[in-house]
Structures are given as structure tokens and as C-alpha cells.
Amino acid sequence: MSRLHILDKVDRKLLNLLQKNNQMPTRDLAERVHVSQPTCLRRVRALHEAGVISADVAMVDPFELGYGMMAFLEVSLANQSDEEMQAFEARMGREAEVLQCYFVSGDYDYFLVVHVRDMDAYYQFVRRVISGPGNVRNFQSRFPMKRAKFTTRIAFDEKESEVGVRARR
């Protein structure tokens, strides 16, 4: 269940800084947002507890590791019952190649972001995951030719006095 969580200017500045570098020492964070170290640490912990910060991760560049092919799949299910959609979502959740899975409006039921090593790996993925298990009526693949922008950062306006956001706790 989510509730409204108020982010003040300090919270939003912390979030902007942590999204750029979550390894910044608390001392430096506190200095940049003009609060004491204990206050800074307490605020960061509260943002975690509220679910505003959902994870602290290292961003890995798949292209540098040889995973040079990304695909966007639009998938239509043959049966769109709640049970079948949940089964599809659970199956996509178990597949390492599926980075993102969205239930969408429009002509297709799901939009997938898939990252694989090469075309042969994509072919194997489609045969094993999309074509094989059933309930996929049809799908279309799109292959990006250039990544013009990529970010995971949510930009918070630091000028507003307070901003309400939904938090899970």
C-alpha cells in the first residue's frame, strides 16, 4: 500500500546527488546539502525505509561486456485472462535476458526490453521463451540502431518547498 511521502528541498537534493553517485561519503553529502552528518544519514535511511530509494546498485555497461544486441519486443497473448497474464509476467521475471517487461495499452499486451550477446542468442531466446511456451499469439521485434540517450535518473526540482510522492511505506 502506498501513501503520500513529502520530499523537502534537502531530500530532493540528496536524491539528485545519490542518483549521480551513491558511493559519496555521508560527510560529503551532508556538506553539499548543508546538514549535519547524522541528519544526512537519518534522511537517507528514511528515504530507503519509505521505498523512495528502492536499491543501491552498480550500473554495468552491457555493451562493454560484449552484450551488443538490444531488442524491443511487442508481444500479444492469445489468452489475456488475469491468470495467463500473471503467468507470462512471472515467466519474464525469471528470464535473465529480459531487462524490463511492461503491460501496455494499444495493439500489443506487453513491451519487453531484451539484451543479448548477438543475433544467434536472440534467436535462441525467441525460440525458448517467446515461441516455445505457448500463449503468445504474435510478437514483433525492433532493434535499436543507436542509443541516443540512456539514464535511470529521475530529476527532482530542488526549488519547490515540498513535493509529495507516493511511497510504499
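Predicted model, so just to flag it, every value in this text is computed and none were measured.

(A) Molecular detail of the nonpolar core. Counting residues in hydrophobic clusters, the biggest one holds 19 residues, and the most contacted among them are Leu73, Leu112 and Phe125. Counting only elements with at least two residues in this core, the list comes to strand E2 (69–77), helix H4 (82–94), strand E4 (110–116) and helix H5 (119–131). Ignoring anything within four residues of it in the chain, the contact list for Leu73 reads Tyr110, Phe111, Leu112, Val114, Tyr122, Phe125, Ile130, Phe139, Gln140 and Ser141. Grouped together as the second largest cluster of nonpolar side chains are 16 residues, Leu18, Leu29, Phe156 and Val165 included.

(B) Layout of the pairing of E2. Among the 9 residues in E2, 8 count as buried, and that is most of the element. As defined by bridge partners, E2 adjoins E4 across 7 bridges and the pair is classed as antiparallel. Its bridge partner being in E4, Leu73 is matched across the sheet by Leu112. Pairing of E2 with strand E5 (residues 136–142) involves 6 bridges; the strand directions are antiparallel. What sits directly across from Leu77, in E5, is Val136.

(C) Molecular detail of the environment of Glu49. Here Glu49 is to be found in helix H3 (residues 37–50). The exposure class assigned to Glu49 is exposed, which follows from its relative accessible area of 51%. Sequence spacing of Glu49 and Arg168 is 119 residues, and the spatial spacing of their C-alpha atoms is 8.7 Å.

(D) Representation of helix H1 (residues 9–20). Relative to the 16 Å expected for 12 residues at 1.5 Å per residue, H1 spans 17 Å between its end C-alpha atoms, a close match to the ideal helical length. Here H1 has its buried residues at Val10, Asp11, Arg12, Leu14, Leu15, Asn16, Leu17 and Leu18. Considering only its buried residues, H1 is in contact with strand E1 (3–8), helix H2 (26–33), H3 and strand E6 (162–167). Between the side-chain oxygen at the start of H1 and the backbone nitrogen of Val10 there is a gap of 3.1 Å, and the oxygen is on Asp8.

(E) Region of the structure containing the environment of Val44. Looking at where Val44 falls in the secondary structure, it is placed in helix H3. Judged by relative accessible area, which is 14%, Val44 ranks as buried. Along the sequence, Val44 and Met59 sit 15 residues apart, while their C-alpha atoms lie 20 Å from each other. Leaving out residues up to four positions away in the same chain, Val44 has contacts with Leu14, Leu18 and Ile53.

About the cut-offs
Residues numbered from 1 in each chain as written. Predicted model: local features only at pLDDT ≥ 70, side-chain atom pairs only at ≥ 80, totals over all residues. Heavy atoms only, no water. Core = buried A, V, L, I, M, F, W, Y, C linked by side-chain atoms within 4.5 Å. Buried < 20%, exposed > 50% of the residue type's maximum accessible area, 1.4 Å probe, protein only. Helix = DSSP H or I, 4+ residues; strand = E, 2+ residues; numbered from the N terminus. Contact = heavy atoms within 4.5 Å. Pairing = 2+ DSSP bridges. Expected span 1.5 Å × (residues − 1). Polar contact = N/O pair within 3.5 Å; in protein donor to acceptor, adjacent residues only side chain to side chain.

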